[in-house]
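# Observations on chain architecture
Below, each chain spelled out in residue letters.
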Amino acid sequence: MKSLYKIVAVVGLSLMATSCFDKSKPNYQFFPNMYEAVPYETYSENDAFANGKEGQLPVDGTIKRGFVPFEIPNTTEGYAEAKANLKSPLEAASIDAEKGKELYDVYCAICHGKKGDGKGTLVKREKFLGVPNYKDRDITEGSIYFVITYGLNSMGSHANQLSQEERWQVTDYVLKLKSEL
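Residues numbered from 1 in each chain as written. Predicted model: local features only at pLDDT ≥ 70, side-chain atom pairs only at ≥ 80, totals over all residues. Heavy atoms only, no water.

## A closer look at the packing of aromatic side chains
Put simply, the rule reads: Between rings of Phe, Tyr and Trp, where Trp is taken as its six-membered ring, a pair exists when centres lie within 6.5 Å; planes separated by under 30 degrees are stacked, by over 60 edge-to-face, and by other angles tilted. Note on conventions: DSSP H or I runs of at least 4 residues are helices, E runs of at least 2 residues are strands, and numbering of each starts at the N terminus. Residue exposure (1.4 Å probe, protein chains only): buried if accessible area is under 20% of the type maximum, exposed if over 50%, otherwise partly exposed.
If you walk through the whole model with that rule in mind, you get seven aromatic pairs. Taking 5.6 Å as the distance between ring centres and 65° as the angle between the ring planes, the aromatic pair formed by Tyr-79 and Phe-146 counts as edge-to-face. Pair noted here: Tyr-79 is in helix H3 (residues 76-85) and Phe-146 is in helix H7 (residues 141-150), with a separation of 67 residues, a long-range link. For Tyr-79, a relative accessible area of 22% corresponds to the partly exposed category. Phe-146 sits in the buried class, given a relative accessible area of 2%. Chaining the aromatic ring pairs together yields one cluster made of Phe-70, Tyr-79, Tyr-145, Phe-146, Tyr-150 and Trp-168.

Quick look at the structure:
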């Protein structure tokens, strides 16, 4: 008889525990913000930021991690200064010619051509005209680095795509192409 009471008690407790469960509405919700996110209207004022209107700006004078500022200004005088004085900080042993060629092929060859002759795919399709041939230009490593960093005429800046070291490697490869023409 005692075992019958135990069986009835266990069955009764199980029925009582499972009868309150509803799959469409669980009883407990851990981290409700994960399930029911608060929607924000795009470009609207909200209290997520301290000033209530827009995102936070970085503190004045800060720079992003890994960024090395380029001290020469983006002016004609800055170009002349870079052309005359700027030298590569990379040692000859640390220059990777294959990496420079690979980066040149990705970012430069589409306009300047694989050989640096100014006959890239976009020039052949007449999307850009007047892309210089390296042989015809009086270029130095400083002027090449300056132009890659800031851009010149139709060419845009590649400072966001290439790190400082990668820009110097492309510069080295461009000088190699110039010597081969």
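## Digging into the packing of H3 against H7
The condition that has to hold: Whenever a helix is involved, its axis is fitted only over the stretch in contact; in every case the axis is a line through C-alpha atoms, and angles between N-to-C directions fall within 0 to 180 degrees. Angle categories: roughly parallel below 35 degrees, roughly antiparallel above 145, roughly perpendicular from 65 to 115, and oblique for all the rest. By the definition used in this description, the sense in which the near helix is turned from the far one sets the handedness, with an anticlockwise turn below a right angle giving left-handed and a clockwise turn giving right-handed. We call two residues contacting when some pair of their heavy atoms lies within 4.5 Å. Three classes are used: nonpolar for Ala, Val, Leu, Ile, Met, Phe, Trp, Tyr, Cys and Pro, charged for Asp, Glu, Lys and Arg, and polar for all others, with Gly counted as polar.
Orientation of H3 relative to H7, taken along the N-to-C sense of each, is 140°, at an axis distance of 6 Å. One way to sum up the angle between H3 and H7 is to call them oblique. With respect to the hand of their crossing, H3 and H7 are arranged in right-handed fashion. Between H3 and H7, the contacting residues are Gly-78, Tyr-79, Ala-82 and Lys-83 on the first element and Gly-142, Ser-143, Phe-146 and Val-147 on the second. A per-class count over the contact of H3 with H7 returns four nonpolar, three polar and one charged.

## A word on the layout of surface pockets
Basically, it comes down to this: For each structure, a 1 Å grid was placed over the protein atoms alone; sets of points admitting a 1.4 Å probe that cannot get out are labelled cavities, open sets with protein on both sides within 12 Å along at least five of seven lines are labelled pockets, and lining residues have an atom within 4 Å of a point. Grid points are joined across faces, edges and corners, and a volume is the space filled by probe spheres set on the points.
Put simply, the largest pocket is a space of about 650 Å³. Along the wall of the largest pocket there are 26 residues; nearest its centre are His-112, Pro-132, Val-147, Leu-152 and Met-155. Listing elements by their share of the lining of the largest pocket, those giving two or more residues are helix H5 (109-112), H7 and helix H8 (164-180). For the lining of the largest pocket, the element with the most residues is H7, which contributes four residues. Split by residue class, the lining of the largest pocket holds 17 nonpolar, seven polar and two charged. Empty space within the second largest pocket amounts to approximately 300 Å³. In terms of lining, the second largest pocket is formed by 13 residues, of which the most central are Phe-67, Val-68, Ala-159, Leu-162 and Arg-167. Listed by contribution, the elements that provide at least two residues to the lining of the second largest pocket are H7 and H8. For the lining of the second largest pocket, the class distribution of residues is six nonpolar, five polar and two charged.

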